[in-house]
Amino acid sequence: GELRFSRWQTVREGRYGYPLDEALGIPARDPCSPWVRQMAAHLAQAHPFRQAAALLGRMIGCFVDHRRLRGWAQTSGRRLRGAWERKRASLFRDGELPVEEGPGPRIVSTSADGTFIHSRDGPIEVKLGMWWTGVRAERPGRHLLQGRGFYATAGDAEAFGQTFYVLAEEATGLSRAQEVLFVADGAGWLADLPGDRIAPTAYQLDHFHGKLRIREVAKDPERAARWWAFVAEH
């Protein structure tokens, strides 16, 4: 059944606070529990706010206004971006190296790409980076990535590369890996990312673009050469 907690406010060292909130890891003046906030963010990224609020209301047994859920999701997003920015600044601004724990992984695979989406201010590029540490066969013809993580942003390429590296390093021990694979199409800012941050031992052109370039060379070698010259210049 339901459990109701009384959130008594206390005074310690001249400051007011809620001991129960501190014990549960709830930030000061947060109107919901960590689980409710997590579910609100999960539902908000998968559904419109009204539908997400209705689903969350059914899960917790009380009405949830869609505007309140939107505020919870935005607050969670700001907190997460703030945490990522502090980690990025700690390494690239303050020079604090990450703590090395245990032996390095045998291999870490990384990949990055970008895609343009429409917004009220015009098209913006969303950058996505992903890492994984292995592959497990679930059944014949189907494999699952192990140790997978990812980071996405609409920010500039420099900040993306730095944050991507910091998060991958924290999750996998990227800098201590025996082998590092980087998979990308090599266009635009992706050509600089591995050398500046990831330092891969192997760079793989993704299969789709690899086959596409091979077909271009086979059909029109001169046009393919001009395209690669343009990529190298820009």
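Remember, it's a predicted structure, so these values are computed and weren't measured experimentally. (Residues numbered from 1 in each chain as written. Predicted model: local features only at pLDDT ≥ 70, side-chain atom pairs only at ≥ 80, totals over all residues. Heavy atoms only, no water.)

With that settled, consider helix α4 (residues 66–92). The first and last C-alpha atoms of α4 sit 39 Å apart over 27 residues, in line with the 39 Å expected at 1.5 Å per residue. All of the buried residues in α4 are Leu69, Trp72, Ala73, Ser76, Arg88, Ala89, Ser90 and Leu91. For α4, the secondary structure elements touched by its buried residues are α2 (34–46), α3 (49–60) and α5 (157–172). The residue sitting at the N-terminus of α4 and contributing the capping side-chain oxygen is Asp65; that oxygen lies 2.7 Å from the backbone nitrogen of Arg67. (Helix = DSSP H or I, 4+ residues; strand = E, 2+ residues; numbered from the N terminus. Expected span 1.5 Å × (residues − 1). Buried < 20%, exposed > 50% of the residue type's maximum accessible area, 1.4 Å probe, protein only. Contact = heavy atoms within 4.5 Å. Polar contact = N/O pair within 3.5 Å; in protein donor to acceptor, adjacent residues only side chain to side chain.)

Following both chains from N to C, one finds α4 and α5 inclined at 95°, their axes separated by 9 Å at the closest point. The angle between the axes of α4 and α5 places the two elements in the roughly perpendicular class. Listed contacts from α5 to Trp84, Lys87, Arg88, Leu91 and Phe92 of α4 are Ala159, Gln162, Thr163, Tyr165, Val166, Leu167 and Glu170. Of the residues assigned to the contact of α4 with α5, the class counts are seven nonpolar, two polar and three charged. (Axes fitted to C-alpha atoms, helices over the stretch in contact; angles between N-to-C directions. Parallel < 35°, antiparallel > 145°, perpendicular 65-115°, else oblique. Nonpolar A, V, L, I, M, F, W, Y, C, P; charged D, E, K, R; others polar.)

One finds Phe164, Leu174, Leu193 and Ile198 to be the most contacted residues of the largest nonpolar core, which totals 20 residues. Counting only elements with at least two residues in this core, the list comes to β3 (107–119), α5, β8 (179–184) and α6 (193–198). Looking at which element gives the most residues to this core, the answer is α5, with six residues. Counting residues in each nonpolar core, the second largest holds 13 residues, with Ala52, Val64, Trp72 and Ala73 among its members. (Core = buried A, V, L, I, M, F, W, Y, C linked by side-chain atoms within 4.5 Å.)

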